[in-house]
Amino acid sequence: MLVATLPPESRLAVAWSDVRIGGGLSHAGAASHALIARARDSLEHFLPGGHDAEIVDAWSDAGTRMALAADLSQPLPPGLHAAWLELARRTIGATLTAAQAQSRIESLQKSERLQQALYEIADLAGSGLEMQDMLGRIHEVVGGLMPAENFYIVLYDDVRETLRFLYFADQRDPYVAEPDEELGLDAMGNSLTVALLRHGQPMFGPSARIREALDVPHDPSHGPDSADWLGVPMRREGRVSGAIVVQSYLQAARYTHEDRTLLEYVAQHILTALDRRQAREQLERRVEERTRELQQANMILQTEIVERQRAEKLQRALYRITELSVTAGSLERFYADVHSIVGELLYARNFYIALLSGDGEHIEFPYSVDERDRSRESRLLAKGLTEYVLSTGEPLLADRATIADLEASGTVRSFGPLAHCWLGVPLKREDMVVGVIVVQSYTSEVSFEARDQALLTFVAHHIDGALARKRAQEHLKAAHAELEFRVEARTRELESANRELRAQIGERVRAEQQLTHLARHDGLTGLPNRVLLLERLDAAIARMGDPQRERFVVLFLDLDRFKLVNDSAGHAAGDEMLVEAGRRISATLGEKTLVARLGGDEFAVLVEEVGDHAAAEALAAALLAELGKPMWIAGRELFPSASIGIALWEPRYRQGEDMLRDADAAMYRAKAHGRDRSALFDEEMRAEATRLLDLEADLRRAILNDAFEPHFQPIVRLADGEVVGHEALLRWNHELHGPLPPGEFIGVGEDSGLIEQVDWLMYRRVFDWMTRHHRGYVSINVSPRHFHSETFAERLLQMLDDAGADPRRLRIEITEVALLDDAPRILRMLNVLRGRGVLALLDDFGTGFSALSYLHRFPIQALKIDQSFVAGLGGEMHAESLALVRAILALAGTLGIDAIGEGIETVEQRDILRQLGCEYGQGFLYGKPSPELRGSDGDDAGREPSRKSR
């Protein structure tokens, strides 16, 4: 357009440089190379034209540099020259402005397409499409930004050195990608994709040139070469995590730097989309796993609910069965109700009860409901399924196949319609099978399981008891009916017989009243018993909800040494003493009291309106004073005493049993403090009870862990100090408190019965010790509890034999209390032991009853003088102790029994014992108890606890 405004055959060249549209050149009129060069050079170095037929100009506008050069066929007039330059500048500026606007439009359009592509990629990442469908859509999005007919995505694990072709689309390469297949990089060493991942930078150009640049040999197995290839890595936290590649097989130089930049930008968004997709899938998997866990937990919970409902239904059924046994109604009604109850628990459309007749020869069917067998008649015993259960006494769950096998073996023979599934359980009375309860199914849709068998067996136990009670009621009802019939008959016959019958009925009523009275009162003393006492206690506790009511107290009494009265004067005298004691207690406390006999020599008293501890203790003192008065029993004057435990009501009590228990505990405290006194239950006693409970638990754990060991104390001949034996003393290695002496735990062990288990653990260790040490004998302490077992002696000898120890080296130490328990049985045991060489020592002699009768009846080899007497020798109690020791030694000498002094701690005690004729002794003067054998150690100080019975 501009050259047309110049003279004909003029030539023109225009050059420009712009930051937005770049540089460019336009020429017309067959412009020469020199003219074009002059226009380009003027952009940097402007030189005006040299003559009138040449126009050169250069200028800048808003960042754009423009220049023109023209060769004119003839010069322009001066005025026209300036006007033409102005026209040229405006025309060139307007043209470039339009080009810039077009460039901006194209840039905006490209940005819009890119933005739209990123939105689509983000939407695809959050869509519910399958992975391959989503990647196919991403491929379409990338194809809208640049040529991408051949496109693939790989994911790279730089730790494991593996890659996966997540998506692959190619027009020439037949490779089919497996997204879940991991490929090792070592197996793809000549792959251009692997080279890109390891290089970590974008690459584009012909694939041959890129392979040459990256030193990758050509390998046709990795696909054909492409005319143009563009690959960009995807990065996550600075590490290469994959790549996106587009390639063209037909057109070279198809991809530009702008395409590379664009693909890099898109690649990161694709990676983000993949990460979001993977995170969503992981979240969905976690949600699915959690859902499955919750479903499983819900199933378990539902199962527990069903089991609990089933247990509740079973419990209700048992209650109903129990109620049926005591409610009025015929036996037939009872059977029908039982059928109804069983039908609520399992399938029981076909149900019958079979009972063995009184002569044991027939089966009777008192109740039967069946779809196919309308009537079941009694029959002689045969080989039916019912008889099979009767004979074995075990439940039978049999399906059609099991029944066929039993019939084939000749064990059973079916009667009536053949069941598809048959379940029968025995009814027992006092371990004897008296009948069978049966359910059966005639259809394969209903089968019984082991759970149904267990359920029916459990219910059958209760049905049998209820049936026995119901039949007893029926017999009683029949007896009543017969009695009424006879009464009516006798009434019609004779009026006098009627009066006599009425008298009998009155006597019967009185007998029933007396039975009711006896059920709530003691038969010996006529006092209320435990049942009535607990009723009154519970009522008294319930009344304490009124804050205006005054407190009440429970006294628990136990007569001291009552067993001695029974053993010496006889049980008749003991009963007379109990009656008198009950009378005195009732007379002492007045009307607002309830005196009850709990059994044996134990009484309990409920006293209303007792304000405080002082009043309660005053009541106890009055009782002790009254009971302490002499009474004549069986021609003897006795002076009884009692130990009383006191429990005053506190808000923490909810049941009468709790108060009675605490009063009982306080009574034992009173006995422990010397008898003939009272003790008030307090927090210290509660803490002591808790301590004893904890100690019992520790003792049980110690038995399981075998935490006991014997310590041995030498027994010497006083004349020369020669060791003749050892006493094995029990020690407990407590896990927290270290070694414990027996005084800390023997009481708990005796009360709980655990001491027997402890002793057997101890004996085993002692016998093992005897096999390693062969000097003298060893004595072991035996609790009186052991003599309650008929097999104690045999078990002890068997343990000796198993350990390989010599029975003649063993001595057992027993107390006087053990000998008084059951003399014939204990005498037999001691003779059995003596027959094998095991001799008996009487421990703590002089502290118990010291009856002379058992010294010559029982095979006692030696008396052990209690250390309390030995301790008094040479001290303030010297005279009394000396007299007692001299008497014991004289008794032993008369009976030909050895004597052993216990607890010798000083030379003076030893010398006195030796002068009195005591031949043997033991104590700290000769050695402390220790786990291993030691010689005499006269320098040891201290004293073995007086309670050394273990």
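Residues numbered from 1 in each chain as written. Predicted model: local features only at pLDDT ≥ 70, side-chain atom pairs only at ≥ 80, totals over all residues. Heavy atoms only, no water.

Enquirer: Where do I start with the overall build of the protein chain in this structure?
Expert: Within the protein chain, the regular secondary structure consists of 26 helices and 32 strands. For the protein chain, whose C-alpha radius of gyration is 56 Å, the value lies well above the compact-globule estimate of 30 Å for 950 residues. In terms of its C-alpha atoms, the protein chain occupies a principal-axis envelope of roughly 175 × 100 × 75 Å. Expressed as a percentage of the 950 residues in the protein chain, the buried residues total 44%. Of the contacts formed within the protein chain by residues at least 6 apart in sequence, a portion of 62% connects residues at least 24 apart. About 48,800 Å² of surface is accessible on the protein chain, with carbon and sulfur atoms providing 52% of the total. Both charge centroids of the protein chain, one from 108 positive and one from 147 negative side chains, sit 3 Å from each other. (Helix = DSSP H or I, 4+ residues; strand = E, 2+ residues; numbered from the N terminus. Rg over C-alpha atoms; globule rule 2.2 N^0.38 Å. Buried < 20%, exposed > 50% of the residue type's maximum accessible area, 1.4 Å probe, protein only. Contact = heavy atoms within 4.5 Å. Areas by Shrake-Rupley, 256 points an atom, 1.4 Å probe, with all protein chains shown as cover. Lys, Arg positive; Asp, Glu negative; His and termini not counted. Charge placed at Lys NZ, Arg CZ, Asp CG, Glu CD.)

Enquirer: Please clarify how the pattern of salt bridges should be interpreted in this entry.
Expert: Think of it this way: side chains of opposite charge can pair up when their charged atoms draw near. Evaluated as defined, the whole model comprises 45 salt bridges. Its salt-bridge partner being Arg 260, residue Glu 264 comes within 3.8 Å of it at the nearest N-O pair. Taken as a pair, Glu 264 and Arg 260 lie in helix 6 (residues 257-326) at a separation of four residues, close to a single helical turn. According to the relative accessible area criterion, Arg 260 is partly exposed, its value standing at 24%. Its salt-bridge partner being Arg 520, residue Glu 535 comes within 2.8 Å of it at the nearest N-O pair. Separated by 15 residues along the polypeptide, Glu 535 in helix 12 (residues 530-543) and Arg 520 in the loop between helix 11 (495-519) and helix 12 bring together distant segments of the chain. A relative accessible area of 37% means that Glu 535 is categorised as partly exposed. On the basis of relative accessibility, which here comes to 28%, the residue Arg 520 falls in the partly exposed class. A network of salt bridges, in which partner residues are shared, links Arg 652, Asp 658, Arg 661 and Asp 662. (Salt bridge = Lys/Arg side-chain N within 4 Å of Asp/Glu carboxyl O.)

Enquirer: Looking at this model, I keep getting lost on the sheet that holds strand 6 (residues 162-169). Mind explaining?
Expert: Strand pairing in a sheet is mediated by backbone hydrogen bonds. Such pairs are either parallel or antiparallel. Spatially, the six strands line up as an open sheet ordered 7-6-5-10-9-8, and their pairing is antiparallel. Edge positions in the sheet fall to strand 7 (183-184) and strand 8 (203-205), since each has one partner strand and no second. Pairing of strand 8 with strand 9 (residues 228-236) involves three bridges; the strand directions are antiparallel. Its bridge partner being in strand 9, Phe 204 is matched across the sheet by Leu 230. (Pairing = 2+ DSSP bridges.)

Enquirer: Explanation requested: the pairing of strand 30 (residues 860-865) in the structure shown.
Expert: As a general feature of sheets, a regular strand has side chains that alternate between the two faces. Counting buried positions along strand 30 yields five of six residues, so the element is predominantly enclosed. By the bridge criterion, four bridges tie strand 30 to strand 31 (residues 898-901) in an arrangement that is parallel. Residue pairing across strands places Leu 863 opposite Ala 899, the latter belonging to strand 31.

Enquirer: Can you help me understand the side chain of Asp 759 in this one?
Expert: Here Asp 759 is to be found in helix 19 (residues 755-772). Among the residues examined, Asp 759 registers a relative accessible area of 1% and is labelled buried. Separated by 2.9 Å, the side chains of Asp 759 and His 786 make a polar contact. (Polar contact = N/O pair within 3.5 Å; in protein donor to acceptor, adjacent residues only side chain to side chain.)

Enquirer: Is there a simple way to explain the packing of aromatic side chains in this structure?
Expert: Describing an aromatic ring pair means giving the distance of the ring centres and the angle of the ring planes. The full count for this structure, using the stated rule, is 17 aromatic pairs. Ring geometry for Trp 760 against Tyr 763: centres 5.5 Å apart, planes inclined by 80 degrees, an arrangement best described as edge-to-face. Of this pair, Trp 760 and Tyr 763 both sit in helix 19, separated by three residues, roughly a single helical turn. Comparing Trp 760 with Tyr 763, the two get one shared label, buried. When the centroid spacing of 5.7 Å and the interplanar angle of 65 degrees are considered together, the rings of Phe 787 and Phe 792 count as edge-to-face. (Phe/Tyr/Trp six-rings, centres within 6.5 Å; stacked < 30°, edge-to-face > 60°.)

Enquirer: Would you take a moment to explain the nonpolar core for this structure?
Expert: In globular proteins that are soluble, nonpolar side chains generally tend to be buried together. Within the largest apolar cluster, 75 residues are counted, with the highest numbers of intra-cluster contacts made by Phe 708, Tyr 763, Phe 767, Leu 796 and Ile 812. If we ignore the near neighbours within four places in the chain, the residues touching Ile 812 are Ile 780, Val 782, Leu 796, Leu 830, Leu 833, Val 838, Leu 839, Ala 840 and Leu 841. (Core = buried A, V, L, I, M, F, W, Y, C linked by side-chain atoms within 4.5 Å.)

Enquirer: Even after reading the chapter, I still don't get the sheet that holds strand 14 (residues 396-399), so can you show me in this structure?
Expert: If you trace the six strands from one edge of the open sheet to the other, you get 13-12-11-16-15-14, paired in antiparallel fashion. The two strands at the open ends of the sheet, each matched to only one other strand, are strand 13 (379-380) and strand 14.

Enquirer: Please clarify how the packing of helix 14 (residues 571-589) against helix 15 (residues 613-627) should be interpreted in this entry.
Expert: Helix-helix packing is described using two parameters, namely the angle between the two axes and the distance between the axes. In contact at an axis separation of 10 Å, helix 14 and helix 15 are set at 140 degrees when each is read in the N-to-C sense. With respect to helix 15, the element helix 14 is oriented oblique. The handedness of the crossing between helix 14 and helix 15 comes out as right-handed. Residue-level contacts link Ala 581, Arg 584, Ile 585, Thr 588 and Leu 589 of helix 14 to Leu 619, Ala 622, Leu 623, Glu 626 and Leu 627 of helix 15. Class assignment of the residues belonging to the contact of helix 14 with helix 15 gives a composition of seven nonpolar, one polar and two charged. (Axes fitted to C-alpha atoms, helices over the stretch in contact; angles between N-to-C directions. Parallel < 35°, antiparallel > 145°, perpendicular 65-115°, else oblique. Left-handed = near helix turned anticlockwise from the far one by under 90°. Nonpolar A, V, L, I, M, F, W, Y, C, P; charged D, E, K, R; others polar.)

Enquirer: Just to check I follow, could you spell out the side chain of Ser 226 for this structure?
Expert: If you trace the backbone, Ser 226 turns up in the loop between helix 5 (207-214) and strand 9. Accessibility expressed as a relative area gives 7% for Ser 226, which makes it buried. In terms of polar contacts, Ser 226 uses its side chain to reach the side chain of Gln 247, at 3.5 Å.

Enquirer: I'm lost on the environment of Phe 448 in this one. Help?
Expert: Relative to the assigned elements, Phe 448 resides in the loop between strand 16 (432-441) and helix 10 (450-493). Once the C-alpha coordinates of Phe 448 and Thr 162 are considered, the two residues, 286 residues apart in sequence, prove to be 58 Å apart.

Enquirer: What is the right way to look at the packing of helix 12 against helix 16 (residues 656-672) in this model?
Expert: The geometry of helix 12 relative to helix 16 is characterised by a closest axis approach of 8 Å and an angle of 110 degrees between their N-to-C directions. Comparing their axes, helix 16 and helix 12 come out roughly perpendicular. The residues of helix 16 that touch helix 12, namely those facing Arg 530, Leu 533, Leu 534, Leu 537, Asp 538 and Ile 541, are Gly 656, Glu 657, Met 659 and Leu 660. A class-by-class count of the residues in the contact of helix 12 with helix 16 yields six nonpolar, one polar and three charged.

Enquirer: What's the story with the pairing of strand 17 (residues 553-559) in this structure? I'm lost.
Expert: In terms of burial, strand 17 is largely enclosed, as seven of its seven residues are buried. The side-chain alternation of strand 17 yields two buried faces, one formed by Val 553, Leu 555, Leu 557 and Leu 559 and the other by Val 554, Phe 556 and Asp 558. In this structure, strand 17 lies alongside strand 19 (residues 602-607), joined through six bridges in antiparallel fashion. Among the inter-strand pairings, Phe 556 is bridged to a residue of strand 19, identified as Ala 604. Summarising the sheet, strand 17 and strand 22 (residues 642-648) pair through seven bridges and their orientation is antiparallel. By the bridge assignment for strand 22, Leu 557 is matched with Ile 644.

Enquirer: Looking at this model, I keep getting lost on helix 22 (residues 823-835). Mind explaining?
Expert: Structural remark: α-helix, 3.6 residues per turn; residues separated by three or four positions point the same way. In this model helix 22 runs 18 Å from its N-terminal to its C-terminal C-alpha over 13 residues, within 8% of the 18 Å that 1.5 Å per residue would give. Among all positions in helix 22, only Ala 823, Arg 825, Ile 826, Met 829, Leu 830 and Leu 833 are buried. Viewed end-on, helix 22 has its buried residues packed into an arc of 165 degrees, placing them on one side of the element. Exposed residues lying more than 90 degrees from the buried face of helix 22 are Pro 824 and Gly 835. (Expected span 1.5 Å × (residues − 1). Arc of directions from axis to C-beta.)

Enquirer: For this particular structure, what's the right way to read the confidence of the model for the protein chain?
Expert: Interpreting fine coordinate detail is not advised for predicted regions of low pLDDT. Mean pLDDT over the protein chain works out to 84, with 94% of the residues at or above the 70 mark. Per-element mean pLDDT across the protein chain ranges from 69 in helix 23 (residues 853-857) up to 95 in strand 32 (residues 920-921). The low-confidence segment residues 934-950 (pLDDT under 50) makes 56 contacts with residues lying over four places distant or belonging to another chain. (pLDDT = per-residue confidence, 0-100.)

Enquirer: Even after reading the chapter, I still don't get unusual backbone geometry, so can you show me in this structure?
Expert: Excluding glycine, a negative phi dihedral is what most residues carry, and trans is how most peptide bonds are arranged. Positive phi values are uncommon outside glycine, yet Glu 9 reaches one of about 65 degrees. Note that Glu 9 resides in the segment before strand 1 (11-18). Here the phi dihedral of Glu 237 falls at roughly 55 degrees; this positive angle occurs in a residue that is not glycine. Position of Glu 237 relative to the elements: it lies in the loop between strand 9 and strand 10 (239-248). By relative accessible area, which is 79% here, Glu 237 ends up exposed.

Enquirer: I tried to follow the environment of Pro 807 on my own but got confused; where do I start?
Expert: Residue placement: Pro 807 occurs in the loop between helix 20 (792-803) and strand 28 (810-814). For Pro 807 and Phe 767, which are 40 residues apart along the polypeptide, the C-alpha to C-alpha distance reads 9.5 Å. Beyond its immediate stretch of four places on either side in the chain, Pro 807 contacts Leu 800, Arg 836, Gly 837 and Val 838.

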